[in-house]
Amino acid sequence: MTAGQMAERQAPKEVAARLGVSEAAVELTRRCEVVDLHLDTFIPMRLFGYDPMRRHGQGILRGRHFGHMDLPRMQDAGLSGGMWSITTNPLRTAAGRWRAFTENVARLVEVVDASEGALALVRSHAEYRAARARGAHAIMLSVQGGNAFDGAPNGPADVPDRLLTRVTLVHLTNSRVGAASTPVSYLRRRRGLSEAGRRLVTQLNEERIFVDLAHVHPDGFWDAVEAHDKSQPLIDTHTGVSGVTPHWRNLDDRQLKAIADTGGVVGIIYSVHFLKGAHGHRDGQMILEHMQHVIDVVGEDFVAIGSDYDGAIIPPPDLRSGDSYPRMVQYMLQRGWSEARIQKVLGENFLRAFALLRP
Ligand SMILES: [Zn+2]
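### Topic: the overall build of the protein
Turning to step 1, where the next piece is worked out: Along its length, the protein carries 14 helices and 9 strands.
Turning to step 2, where the next piece is worked out: Relative to its full complement of 359 residues, the protein shows a buried share of 60%.
Turning to step 3, where the next piece is worked out: Across the protein, every contact between residues at least 6 apart in sequence was considered, and the portion connecting residues at least 24 apart equals 71%.
Turning to step 4, where the next piece is worked out: With an accessible surface of roughly 13700 Å², the protein has 52% of that area assigned to carbon and sulfur atoms.
Turning to step 5, where the next piece is worked out: The distance from the centre of the 42 positive side-chain charges to the centre of the 41 negative ones in the protein is 4 Å.

Here it is, written out as structure tokens:
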């Protein structure tokens, strides 16, 4: 990170005052590795020319849907790393999806190169730690929609330089891979993974790329668990849990156990639609209720943050800006969570799984 970029970062006292949290919460956040398992900031970059390097206010949408994240706010909050996702457009042809994906990767590489060391693309746990030692925000390249690879001769192995760390098998629509978890897909007779979907799981295992079970229909979830190499950690990067909020998009307790059994991790999403009903909370405490449920079911080693910032979601009103991670930490402290537990949930749980997959 250059001196200029460091100077822009606000002091803990200022951040604490602005967020209305304790300085201790800001300092603890900055002491921890904070990794967000799902950032969609690439979507507004592509659609609206959003500049992720410049500080933004909340804009006309008041922090709904987009404009949540940028580098200055990441640095204020102490966000150390994120899985940055490229979303596949299902309306393109197979060849078009693969071409668009490769163009988008090139575009992201340009943004990282232009960041003067503030951002770094990392492919392994060791590269993550090295990037952090230099003070960079570590980006782990991800894809939402495994149909991005339908047009790639060798599937995800064709992504250059082993840059890809995670693939979300399906996104919002059914694809050649399998069915998405939507209210409509429950009407289909065959809702699991296709043969192509099972083959994709095997290809991802061969490349040691995380298989992400967010968005997949429960039938496809269990097909993926069966097809998956049992020695590698499974992941669901952005979800709620149906033990708190019954919803077609959320994971039930059996699914949580299946992921924990592999040493994987579950990121809790910030979208109020999948969280609401959590003991009447209307703020970020909803997320804590979902995290607590995961902890009650499988223990504290398998839960993480997967906000889905900039992914057209509506976060709780107190978490609409990408600098609000210390507010989550404040809630954790108020619940009496130990510093060790907070550290795990903020980043170390994910980093353990990442080290298992790609040391
Ligand atoms: Zn998603």
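### So, the coordination of the zinc ion
Turning to step 1, where the next piece is worked out: Only Q144 (OE1), H215 (NE2) and H238 (NE2) from the protein reach the zinc ion as donors, at distances of 2.0 to 2.1 Å.
Turning to step 2, where the next piece is worked out: Read in sequence order, the donor residues for the zinc ion give the motif Q-x70-H-x22-H. One end of the pair, H215, is in the loop between β6 (210-212) and α9 (218-227); the other, H238, is in strand β7 (residues 235-239), and 23 residues separate them in sequence.
Turning to step 3, where the next piece is worked out: In this structure H238 comes out as buried when scored by relative accessible area, which is 0%.

### Section: the pattern of salt bridges
Turning to step 1, where the next piece is worked out: For the structure shown, the criterion picks out 17 salt bridges.
Turning to step 2, where the next piece is worked out: Measuring nitrogen to oxygen at the nearest pair gives 3.3 Å for the salt bridge that ties R31 to E339. In this pair, R31 sits in helix α3 (residues 23-31) while E339 sits in helix α14 (residues 339-357), placing the two residues 308 residues apart along the sequence.
Turning to step 3, where the next piece is worked out: For R31, a relative accessible area of 54% gives the class exposed.
Turning to step 4, where the next piece is worked out: E300 is the partner of K344 in a salt bridge, and the nearest nitrogen-oxygen pair spans 3.0 Å. Within this pair, whereas K344 is found in helix α14, its partner E300 is found in the loop between α12 (285-298) and β9 (303-305), the two being separated by 44 residues in sequence.
Turning to step 5, where the next piece is worked out: Here the salt bridges do not stand alone but share partners, grouping E300, D301, R341 and K344 into one network.

Cut-offs used in this document
Residues numbered from 1 in each chain as written. Predicted model: local features only at pLDDT ≥ 70, side-chain atom pairs only at ≥ 80, totals over all residues. Heavy atoms only, no water. Helix = DSSP H or I, 4+ residues; strand = E, 2+ residues; numbered from the N terminus. Buried < 20%, exposed > 50% of the residue type's maximum accessible area, 1.4 Å probe, protein only. Contact = heavy atoms within 4.5 Å. Areas by Shrake-Rupley, 256 points an atom, 1.4 Å probe, with all protein chains shown as cover. Lys, Arg positive; Asp, Glu negative; His and termini not counted. Charge placed at Lys NZ, Arg CZ, Asp CG, Glu CD. Donors = N, O, S within 2.8 Å, 3.2 Å for Na, K, Ca; no water. Salt bridge = Lys/Arg side-chain N within 4 Å of Asp/Glu carboxyl O.

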